[in-house]
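Here is how the chains run, residue by residue.
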Amino acid sequence: ASASAAGFTDTTSTDVDCIKMFGITQGTTATTYEPAASVPRWQMALFLHRMFVPTGLAAAGTTTVPAFTDTSGLSAEITDAISAIASHGITVGTSATTFGPDENVTREQMALFLYRFGQKIKGNNVAGADTRGIFADTLTDDTGTGDYNFTDIAGTTFEGMEAIIAMYNLGATAETCTTAGITAAGGTGCQTTYRPAEDLTR
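Below, the structure is looked at part by part. All values derive from a computational prediction rather than experimental measurement. (Residues numbered from 1 in each chain as written. Predicted model: local features only at pLDDT ≥ 70, side-chain atom pairs only at ≥ 80, totals over all residues. Heavy atoms only, no water.)

1. Some details on the overall build of the protein
The helix and strand inventory of the protein stands at six helices and zero strands. Going residue by residue from the N terminus, the α and β elements of the protein occur as α-α-α-α-α-α. Evaluated residue by residue, the protein yields a buried proportion of 38% over its 202 residues. Long-range pairs, those at least 24 residues apart, make up 62% of the contacts in the protein between residues at least 6 apart in sequence. Carbon and sulfur atoms form 55% of the exposed surface of the protein, whose accessible area is close to 10,500 Å². (Helix = DSSP H or I, 4+ residues; strand = E, 2+ residues; numbered from the N terminus. Buried < 20%, exposed > 50% of the residue type's maximum accessible area, 1.4 Å probe, protein only. Contact = heavy atoms within 4.5 Å. Areas by Shrake-Rupley, 256 points an atom, 1.4 Å probe, with all protein chains shown as cover.)

What follows is the structure in structure tokens.
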């Protein structure tokens, strides 16, 4: 509620206002955000890296950064962002030697990025960092109650499915839902597809 309007002519989303206030996005131009555009992996690295300061994440982690062979032509800001998120294990690249900067982020990859990020930070009302970040300390509790309403995530990786369910239980997937208590067994009133292989939009 404290974020002023971002000043973009193509969206009035209060979510965009918030991430603009924190410097996570700068828009595609001074006046446009392009909300329907896809998100390339280099751009996702920037978004995640710009979240370090607002969330209190250390500048560098302890994970060995892979020697990516496909990032040399990128700006220093982008390569620094890729190295930073890799040092925290937030990304492992598209292979042992590639980051795939120009590939679009899928919705499954988005969940993985945010899930790994969430394990590194503490809640804003928590005095000290928990061992599993904003999630429960017990691994089996990471996905809250384990409830979800998606019928199309069984084909994702195990970590991807766990991440998607965790995001659902945090309320971060933003699917349309009008019925409380939706479980893995099904229900009515909710969007039932997550579309994990589709490109993420801004």
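Anyway, onward from the coordinates.
2. Thoughts on the packing of helix 5 (residues 107–118) against helix 6 (residues 158–170)
Where helix 5 contacts helix 6, the axes come no closer than 8 Å and their chain directions differ by 75°. If you check the angle between helix 5 and helix 6, you find them roughly perpendicular. Facing helix 5, whose interface residues are Glu108, Ala111, Leu112, Leu114, Tyr115 and Arg116, helix 6 presents Glu159, Gly160, Glu162, Ala163, Ile164, Ala166 and Met167. (Axes fitted to C-alpha atoms, helices over the stretch in contact; angles between N-to-C directions. Parallel < 35°, antiparallel > 145°, perpendicular 65-115°, else oblique.)

3. Looking at the nonpolar core
Counting 39 residues, the largest nonpolar core has Met44, Leu48, Ile90 and Phe117 as the members making the most contacts within it. Listing elements by their share of this core, those giving two or more residues are helix 2 (41–50), helix 4 (76–87), helix 5 and helix 6. For Phe117, the residues in contact, after removing those within four places along its chain, are Leu48, Met51, Phe52, Thr55, Leu57 and Ile90. (Core = buried A, V, L, I, M, F, W, Y, C linked by side-chain atoms within 4.5 Å.)

4. Quick notes on the packing of aromatic side chains
For any pair of aromatic rings, the description consists of the separation of the ring centres together with the inter-plane angle of the planes. Evaluation of the coordinates by the stated rule reveals five aromatic pairs. On the basis of an interplanar angle of 50° and a centroid distance of 6.0 Å, the ring pair of Phe52 and Phe117 is categorised as tilted. Here Phe52 is found in helix 3 (residues 52–55), whereas its partner Phe117 is found in helix 5, with 65 residues between them in sequence. One exposure class covers both Phe52 and Phe117, and it is buried. Here the aromatic residues Phe150, Tyr168 and Tyr194 are joined through ring pairs into a cluster of three or more. The cationic tip of Arg202 hangs over the ring face of Tyr33; the distance from NZ or CZ to the ring centre is 4.3 Å. (Phe/Tyr/Trp six-rings, centres within 6.5 Å; stacked < 30°, edge-to-face > 60°. Lys NZ or Arg CZ within 6 Å of the ring centre and 35° of its normal.)

5. What about the packing of helix 2 against helix 5?
Orientation of helix 2 relative to helix 5, taken along the N-to-C sense of each, is 25°, at an axis distance of 12 Å. Our classification of the angle between helix 2 and helix 5 gives roughly parallel. As helix 2 runs across helix 5, the sense of the crossing is right-handed. Across the interface between the two elements, Arg41, Met44 and Leu48 from helix 2 touch Gln109, Met110, Phe113, Leu114 and Phe117 from helix 5. Here the residues of the contact of helix 2 with helix 5 are counted per class, giving six nonpolar, one polar and one charged. (Left-handed = near helix turned anticlockwise from the far one by under 90°. Nonpolar A, V, L, I, M, F, W, Y, C, P; charged D, E, K, R; others polar.)

6. Regarding the side chain of Thr11
Counting through the fold element by element, Thr11 comes out in the segment before helix 1 (14–21). Look at Thr11 and you get buried, because its relative accessible area is 16%. A polar contact is formed between the side chain of Thr11 and the backbone nitrogen of Ser13, at a distance of 3.1 Å. Among residues more than four places away in sequence, those in contact with Thr11 are Val16, Tyr33 and Pro35. (Polar contact = N/O pair within 3.5 Å; in protein donor to acceptor, adjacent residues only side chain to side chain.)

7. Topic: unusual backbone geometry
Trans is the prevailing form of peptide bonds, just as negative phi is the prevailing case for residues other than glycine. At Glu34, a position not held by glycine, the phi torsion is positive, near 60°. Summarising the element assignment, Glu34 is placed in the loop between helix 1 and helix 2. Of note, the phi angle at Arg195 is positive, near 60°, even though the residue is not glycine. Relative to the helices and strands, Arg195 is located in the segment after helix 6. Looking at Arg195, the relative accessible area reads 27%, which means it is partly exposed.

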